[in-house]
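Residue-level structure breakdown
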Amino acid sequence: MISKDMATLINAQINREMYSAYYYLGLSAQTEAMNLKGTAAWFLAKHGEEMTHALKMFRYLIDQDAAVTLKAVPVPETVGSVVMEIFERTLEHERGVTRSINDLVDHALTEKDHATNVFLHWFVTEQIEEEATVKDILGRLRIFGDQGQSLLMIDNELAALAQQINQAAATAAAQ
Ligand code: FEO
């Protein structure tokens, strides 16, 4: 059993993860409309990952006999159609998620809530990987540009990355 305060904070994080899923879903639609099929597939795969994050927290609350309180998911922010800007905003977004996960860990430590602290470690590690992936994409865009052939190259890379994410999700679901 976890404290009411801890449960409230995890419920708020479920909402943030749902928002993240929605944010990526919006970008998938947007980049699909820009004919960036690989980028759209990557954002769609990210949407699936974020839903998994929300569901992990949902399951944790249930397992801990804590109340799940679902709130409205905000409409995703509008992001311009410049590819560089899309990834800059995405990195900012993920950094915000990292801060909120760190706040949750801080709270768990304050309460000496060891179970939640251990549970959150997975998310801390996940955020390192998520930020690194977006930084890597952004780094390439900064070197090669976000137009023409370099955009095509990055779009192809994102298609391959999307496949990897989907395969990893399928493997995890089968376990
Ligand atoms: Fe669930 Fe991208 O953080």
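Described below are features of the structure shown in this document. All values derive from a computational prediction rather than experimental measurement.

Let's shift gears to the layout of surface pockets. Roughly 450 Å³ of internal volume is contained in the largest pocket. At the level of secondary structure, the elements contributing two or more residues to the lining of the largest pocket comprise α2 (37-63), α4 (114-144) and α5 (148-174). When the residues that make up the lining of the largest pocket are grouped by side-chain class, the tally is eight nonpolar, six polar and six charged. For the second largest pocket, the calculated volume is near 360 Å³. Asn-11, Ile-14, Ala-67, Thr-69 and Leu-70 are the residues nearest the centre of the second largest pocket, which is lined by 22 residues in total. Secondary-structure elements contributing two or more residues to the lining of the second largest pocket are α1 (4-33) and α2. Top element by residues in the lining of the second largest pocket is α1. It accounts for eight residues. In the lining of the second largest pocket, the residues fall into 14 nonpolar, five polar and three charged.

Tallied over the entire structure, the rule returns ten salt bridges. The shortest N-O distance in the salt bridge between Glu-32 and Lys-37 comes to 2.6 Å. In this structure Glu-32 comes out as partly exposed when scored by relative accessible area, which is 35%. It is possible to trace a salt-bridge network through shared partners that takes in Lys-46, Glu-49 and Glu-130.

What follows is about the environment of Asn-102. As for its placement among the helices and strands, Asn-102 is situated in helix α3 (residues 83-110). Judged by relative accessible area, Asn-102 falls into the partly exposed class, the value being 35%. Each C-alpha atom, one on Asn-102 and one on Phe-123, is 9.2 Å from the other, the two residues being 21 residues apart in sequence.

Quick look at a nonpolar patch on the surface now. A surface patch of nonpolar side chains, about 320 Å² in accessible area, is lined by Tyr-22, Leu-25, Leu-44 and Val-73. With respect to the helices and strands, Val-73 occurs in the loop between α2 and α3.

Here is what the cut-offs are and how they apply
- Residues numbered from 1 in each chain as written.
- Predicted model: local features only at pLDDT ≥ 70, side-chain atom pairs only at ≥ 80, totals over all residues.
- Heavy atoms only, no water.
- 1 Å grid on protein atoms, 1.4 Å probe; cavity = no way out; pocket = protein on both sides within 12 Å on 5 of 7 lines; lining within 4 Å.
- Points joined across faces, edges and corners; volume = space filled by probe spheres on them.
- Helix = DSSP H or I, 4+ residues; strand = E, 2+ residues; numbered from the N terminus.
- Nonpolar A, V, L, I, M, F, W, Y, C, P; charged D, E, K, R; others polar.
- Salt bridge = Lys/Arg side-chain N within 4 Å of Asp/Glu carboxyl O.
- Buried < 20%, exposed > 50% of the residue type's maximum accessible area, 1.4 Å probe, protein only.
- Patch = residues over 30% accessible without salt bridge, like charges linked within 9 Å, V, L, I, M, F, W, Y side chains within 5 Å.
- Areas by Shrake-Rupley, 256 points an atom, 1.4 Å probe, with all protein chains shown as cover.

Functional significance is not addressed by these values, which are geometric in nature.
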